[in-house]
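# Per-entry structural report
As a plain string of letters, each chain reads:
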Amino acid sequence: AQSVTQPDIHITVSEGASLELRCNYSYGATPYLFWYVQSPGQGLQLLLKYFSGDTLVQGIKGFEAEFKRSQSSFNLRKPSVHWSDAAEYFCAVVGNNRKLIWGLGTSLAVNP
Amino acid sequence: SQTIHQWPATLVQPVGSPLSLECTVEGTSNPNLYWYRQAAGRGLQLLFYSVGIGQISSEVPQNLSASRPQDRQFILSSKKLLLSDSGFYLCAWSVRWGLETQYFGPGTRLLVL
């Protein structure tokens, strides 16, 4: 079955430190992949997406993600985290039926 | 530019009462519309989607229903709320079914007591 796994339920980093959030997907064909961010009590905002082409994708707020087909991964990275990055992060892939398959999210806390 | 609105932002309802949540999109025509529910620690669950006026597809059989009376209006309803209906309800839109980015509204927090 198609699925998205975000192995880390919760991550805490210090402000200014680098960040990597993991996302693994199970999908046979070339995936359409997304990362969204959700601040507490808010809707989801698109950070970046991968459809094809360059496997390193740049997004908003200084985030980037790299698609690695061999590892079925689409990890999200940021070189220097800001306190305002504290939020919930969701990875998603478009499934065979064209519906989004969502990971359960990673909650990011940022220490001052 | 396109914007998506949801209201109310917060709702507290007794068990057995009716529900109506509204979502409207501005700045685009014939959007695909989606209702999701988000429960703590359980990610997003697609409830309904619509590719056009009057066209509703249901993903999860339950006591909720959806309607699309106008091109850019999507309504989530229930005749009798259950405790298990509590959650955060998100509306989203996209340009094209399935293969385009979904853009989310601010959400409605529903607490059923």
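To keep things clear, this report deals only with the structure shown in the data block. (Residues numbered from 1 in each chain as written. Chains lettered and ligands numbered in written order. Predicted model: local features only at pLDDT ≥ 70, side-chain atom pairs only at ≥ 80, totals over all residues. Heavy atoms only, no water.)

Residues and elements named next belong to chain A. Ranked by internal contacts, the top residues of the largest apolar core, which has 28 residues, are Leu19, Trp35, Leu47, Leu48, Phe74, Leu76 and Tyr89. Mapped by element, the contributors of at least two residues to this core are β2 (10-14), β3 (19-21), β5 (33-38), β6 (44-50), β8 (64-68), β9 (73-78), β10 (87-94) and β12 (106-111). No other element matches the four residues that β10 contributes to this core. Setting aside its immediate chain neighbours within four residues, Tyr89 contacts Gln6, Leu21, Trp35, Tyr36, Val37, Leu47, Phe63, Leu76, Gly105, Thr106 and Leu108. (Core = buried A, V, L, I, M, F, W, Y, C linked by side-chain atoms within 4.5 Å. Buried < 20%, exposed > 50% of the residue type's maximum accessible area, 1.4 Å probe, protein only. Helix = DSSP H or I, 4+ residues; strand = E, 2+ residues; numbered from the N terminus. Contact = heavy atoms within 4.5 Å.)

Residue and element names in this part refer to chain B. Volume-wise, the second largest pocket comes out at about 160 Å³. The set of elements that each furnish at least two residues to the lining of the second largest pocket consists of β4 (32-38) and β5 (44-52). Residue composition of the lining of the second largest pocket, grouped by class: two nonpolar, five polar and two charged. (1 Å grid on protein atoms, 1.4 Å probe; cavity = no way out; pocket = protein on both sides within 12 Å on 5 of 7 lines; lining within 4 Å. Points joined across faces, edges and corners; volume = space filled by probe spheres on them. Nonpolar A, V, L, I, M, F, W, Y, C, P; charged D, E, K, R; others polar.)

Let's shift gears to the pattern of salt bridges. Residue and element names in this part refer to chain A. According to the stated counting rule, one finds seven salt bridges over all chains in the structure shown. Linking Arg77 and Glu64 is a salt bridge whose minimum nitrogen-to-oxygen distance equals 3.2 Å. Taken together, the residues Arg77 in strand β9 and Glu64 in strand β8 connect sequence positions 13 residues apart. Using a relative accessible area of 23% as the deciding quantity, one classes Arg77 as partly exposed. Glu66 is the partner of Arg77 in a salt bridge, and the nearest nitrogen-oxygen pair spans 3.2 Å. Linking Arg77 in strand β9 with Glu66 in strand β8, this pair joins segments that are eleven residues apart in sequence. Overlapping salt bridges, with partners in common, bring together Glu64, Glu66 and Arg77 in one network. (Salt bridge = Lys/Arg side-chain N within 4 Å of Asp/Glu carboxyl O.)

Leave glycine aside and you will find that most residues have negative phi; peptide bonds, for their part, are mostly trans. Here the residue pair Trp7 of chain B and Pro8 of chain B is connected by a cis peptide bond, since its omega of 0 degrees sits within 30 degrees of zero. Note that Pro8 of chain B resides in the loop between β1 (3-7) and β2 (10-13). Although it is not a glycine, Ser72 of chain A sits at a positive phi angle of roughly 50 degrees. Residue placement: Ser72 of chain A occurs in the loop between β8 and β9. Positive phi is not limited to glycine here, since Asn30 of chain B has a value of about 50 degrees. Mapped onto the elements, Asn30 of chain B comes out in the loop between β3 (19-26) and β4.

This paragraph deals with the pairing of β2 of chain B. Residues and elements named next belong to chain B. Burial of β2 is one-sided: the residues Leu11 and Gln13 facing one way are buried, the residues Thr10 and Val12 facing the other way are not. When β2 meets strand β11 (residues 108-112), the two strands line up parallel, connected through four bridges. Bridge pairing in β11 links Leu11 to Leu110. (Pairing = 2+ DSSP bridges.)

Turning our attention to the interface of chain A and chain B. Contacts between the two partners involve 20 residues from chain A and, on the opposite side, 21 residues from chain B. Carbon and sulfur atoms make up 58% of the area that chain A and chain B hide from each other, which totals about 1,700 Å². Taken as a group, Arg98, Lys99 and Trp102 of chain A account for 33% of the area that chain A buries against chain B, more than any other trio of residues on that side. For the pair chain A and chain B, the number of links is one salt bridge. Residue Lys99 of chain A pairs with Glu59 of chain B through a salt bridge whose shortest N-O separation is 2.7 Å. Scanning the region where chain A abuts chain B turns up five residue pairs in polar contact (both at pLDDT 80 or more). Class assignment for the residues of the side of chain A that touches chain B results in eleven nonpolar, six polar and three charged. (Buried area = accessible area lost by both parts, 1.4 Å probe. Polar contact = N/O pair within 3.5 Å; in protein donor to acceptor, adjacent residues only side chain to side chain.)

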